[in-house]
Amino acid sequence: MNASDKPILTANLSQPAPNRFARMARLIRPQDWLASMLLGLHAALVFGIETWVAKGFLLFHFGSFLLWQPVIRGQQKLYWGQAVLIIATAGLLAAAQSLWLMALWIALLLALIGGQVPSLKERAEGLIALLAATYLLFILLVWVVPHLISPPAISDLLRQIARYAPVILIGVIFFVRTGRADERNAASAVDLLYSLLLFFLVIVLVLGAFVFRQINNTHYVFALAQALLVIAALLVALSWMWDPRAGFTGLSQLLSRYFLSVGTPFERWMQRLADIAQQEREPEKFLALAAQEIVTLPWISGIEWASAHHKGSAGHVAKFSTDCSTGDLKLNVYTRWFAGPSLVVHMRLLTRLLADYYEAKVREQEQRNNAYMRAIHETGTRLTHDVKNLLQSLRSLCSAIETSSDQEAEALRRLVQRQLPQITKRLQTTLDKLAVKSTDKVGWIAATKWWGQFQQRYAFENLAFETTEMPESTTLPAELFDSVADNLINNALSKRQANLPVSIQVRMEWNGKLALSVTDNGPPVPDGIANKLFLGPVPSSRGLGVGLYQASRQARSLGFTLTLAKNAHSSVSFVLSRELAVG
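The following paragraphs examine the structure supplied in this document.

Cut-offs and rules
- Residues numbered from 1 in each chain as written.
- Predicted model: local features only at pLDDT ≥ 70, side-chain atom pairs only at ≥ 80, totals over all residues.
- Heavy atoms only, no water.
- Pairing = 2+ DSSP bridges.
- Helix = DSSP H or I, 4+ residues; strand = E, 2+ residues; numbered from the N terminus.
- Axes fitted to C-alpha atoms, helices over the stretch in contact; angles between N-to-C directions.
- Contact = heavy atoms within 4.5 Å.
- Buried < 20%, exposed > 50% of the residue type's maximum accessible area, 1.4 Å probe, protein only.
- Salt bridge = Lys/Arg side-chain N within 4 Å of Asp/Glu carboxyl O.
- Core = buried A, V, L, I, M, F, W, Y, C linked by side-chain atoms within 4.5 Å.

## Description of the sheet that holds strand β5 (residues 320-323)
Within a sheet, neighbouring strands are paired by backbone hydrogen bonds and run either parallel or antiparallel to one another.
And then number 1: If you walk across this open sheet you meet the 4 strands as β4-β3-β6-β5, and the pairing is antiparallel. Whereas interior strands pair on both sides, the edge strands pair on one side only; in this sheet they are β4 (311-315) and β5. Strand after strand, the sheet turns through a mean of 15° between neighbouring axes, direction not considered.
And then number 2: Pairing between β5 and strand β6 (residues 330-335): 4 bridges, direction antiparallel. Bridge pairing links S321 to Y334 in β6.
And then number 3: On top of the sheet, helix α12 (residues 283-294) reaches β3 (300-306) and β4; it is set at about 160° to β3, its chief contact.

## Here's the deal with the pairing of strand β11 (residues 514-520)
And then number 1: For β11, the tally of buried residues reaches 7 of 7 residues, placing the bulk of the element in the interior.
And then number 2: Neither face of β11 is left uncovered, since the one carrying L514, L516, V518 and D520 and the one carrying A515, S517 and T519 both have all their residues buried.
And then number 3: In terms of strand pairing, strand β10 (residues 504-510) meets β11 through 7 bridges, oriented antiparallel. Across the sheet, the residue bridging to R507 is S517, located in β11.
And then number 4: Between the antiparallel neighbours β10 and β11 lie 3 residues, among them G512 with a positive phi of about 95°.
And then number 5: Across 6 bridges, the pairing between β11 and strand β13 (residues 572-578) is antiparallel. Bridge assignment links A515 to a residue of β13, and that residue is S577.

## Considering the pattern of salt bridges
And then number 1: A complete count under the given rule lists 5 salt bridges for this structure.
And then number 2: The partner of R507 in a salt bridge is E466, with the nearest N and O atoms 2.8 Å apart. With R507 in strand β10 and E466 in strand β8 (residues 464-467), this pair connects stretches of sequence that are 41 residues apart.
And then number 3: Owing to a relative accessible area of 31%, E466 belongs among the partly exposed residues under this scheme.

## Description of the nonpolar core
And then number 1: L38, L45, F65 and L136 are the most contacted members of the largest nonpolar core, which totals 56 residues.
And then number 2: Listing elements by their share of this core, those giving two or more residues are α2 (30-47), α3 (52-68), α4 (80-95), α5 (99-116), α6 (123-148), α7 (156-175), α8 (192-216) and α9 (220-242).
And then number 3: Per-element tally for this core: the top contributor is α6, with 14 residues.
And then number 4: Setting aside residues up to four positions removed in sequence, L136 forms contacts with L38, L41, I106, L109, L110 and I113.

Following this line, the structure appears as C-alpha cells:
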C-alpha cells in the first residue's frame, strides 16, 4: 500500500477547530507551551506520581509537550500509527508509577532542548533554552534521583528548596521577550548528534552517581561529585584526542570521514559516473545509465527524472521520497527508510553531480549541433562567393562579346572556346561541394599553366599582369588561387564602379616562395574593418562580408597565408603566399 493510500487522521496538533479558540491559541508563544509543560511536570513530581492528581498533571504536561515539541510540525497530518503511538506514550507516562521512567523522560526532554541550541539565533531564545535545561537538570539530580535511593538522599531543607525554587525558573520563561512574533507552526531544527550526546551524558551522570552511591556507600552528593569528576576526565581526554597528534589522525578526522561518506561507496559512485560520461555522448542515454547506477546504492530504492524532452525512472517506488531537482532537471529519489537531514544533504550532493554531468552533456550536444550548422553556413557562403566569381567571369566574357568588333571575332571565338570549358569545370566543382560526404581533394596544377589561364580569363578587364621566372616544377592549388584571386580582383574592380580611375596590378613571383599579389591605387580599407578582416565576418554593402575570411581560412588549411600587405591611400595590396618552414 502506498503512503497516499493510508488512512490519515486529519488531526492538527496546534490548531483547535473553533475559530475563536484558534485565534486565542495563536497568541500563545512556543515558550509559553514550554513553560506550561515544565510546570505540569513539576506539579506531578511534587504531588507524587502515584497520586491521581499527579496523573492529571502528567496528561497536562504531555499535552503541552505535543504543542511545543520541535520534531513534528504543527500543520503536519498524522497517520493512524503515529496517533496510536502518541496515545500509548501518554497512557504509559500517566499510568506508570516508576521514577526510573520519569528520569528517562526528563533526560529525553533535556536532549531535545539541548539539540535546539545550535539552531537558535536570538539571545532571548538561548536564554529560554538555558532556563529550561537548568530546571530539568536540577529537578532530575535534586528530586528524582535522590528519591530512587532508599531512604531518600536529600534533607528536608533541600527537599523544600526543590519543591518551590524551580517554579521561579519556570515563571521567568513566561516573561522573556524574544523580540519577534513566533509562529506556532514553525518547528525548530533539532541537531541529532547534539541531542544524542547530551542524552547519553545525562544518563551516564545519573547512573554513575547511583553506582558510586551503592558501591562506596557514601552520601549522594559525594557520589554525584565523583561521577562528575569521571565525566570531566573523560571529556578532557576526548578533547585531547580530538585534534591530530603525532602518529594519530585525531577523532575529528575519523568522524569527518564517517559523516562525509555516510556509509556509502561515494568514491566508487564518482568513478562510475565519470566512466559513464566518457562512454555515452547522448544526454538522455547518459541520464538513464547513471540512474541505473545510482539505484545500486544500498539506501536508494528508486529514482524518477524529467528533463526538458524526456522522462524516465529506475528502480521501484518506495514510501519515502526526496526532491533533489536541480535547474531544468527534475529528480525525485525514493529511499528504503526515512532520510534524515545528513542523508538528504548527501543525496542532494550525489544528484547534483549527476545533474552537472547531464547539463555538461546537453551543452556538448548543443555545441556539436552549432558546429554542424556553422559548417553548413560557412560552406554555403563560400559556395556563394564561388558562384559570384563565376558569374563575374561570365559577365567579363559577355562584356568582351558586346564590345568586340568584327575584326576581333576570331580572337573572341578562341577566347570563348578556352574560357567556357574552364568555367564549366569550376561550376561543376562548386556543385560537387554541395554533397554531404564530399571529400576535400585539392587539385594541384603547374603554376605557369594556372597563370596563363588566369590572364586569359581577365584579358578584357584592363589589368596589369607581372610575373617573375618560376621553376617548371612549381605547383599550386588551383581552387585556392582561383577563389582568392577572384575575390581580390572583384573587390578592386568594385572601386571602379564609383567612377574612380583605379589601376589594378596582379603579380605572380617566385623568390624562394610562391606569392600572388593584387594591388590597386583606390581608397584604403577602413581601419575598423582592416583589423578584423581575416578574423571573422565584416560589414559589407555588396555581399555577406565573409569572402576574405573564408579565403584566409582555406589558405591556412593548405599552408598559405593571405595578408593585407599595404593599406595606404594610393596603394592597397593583398598577398597570398606560401608559409616558409621555420628552422
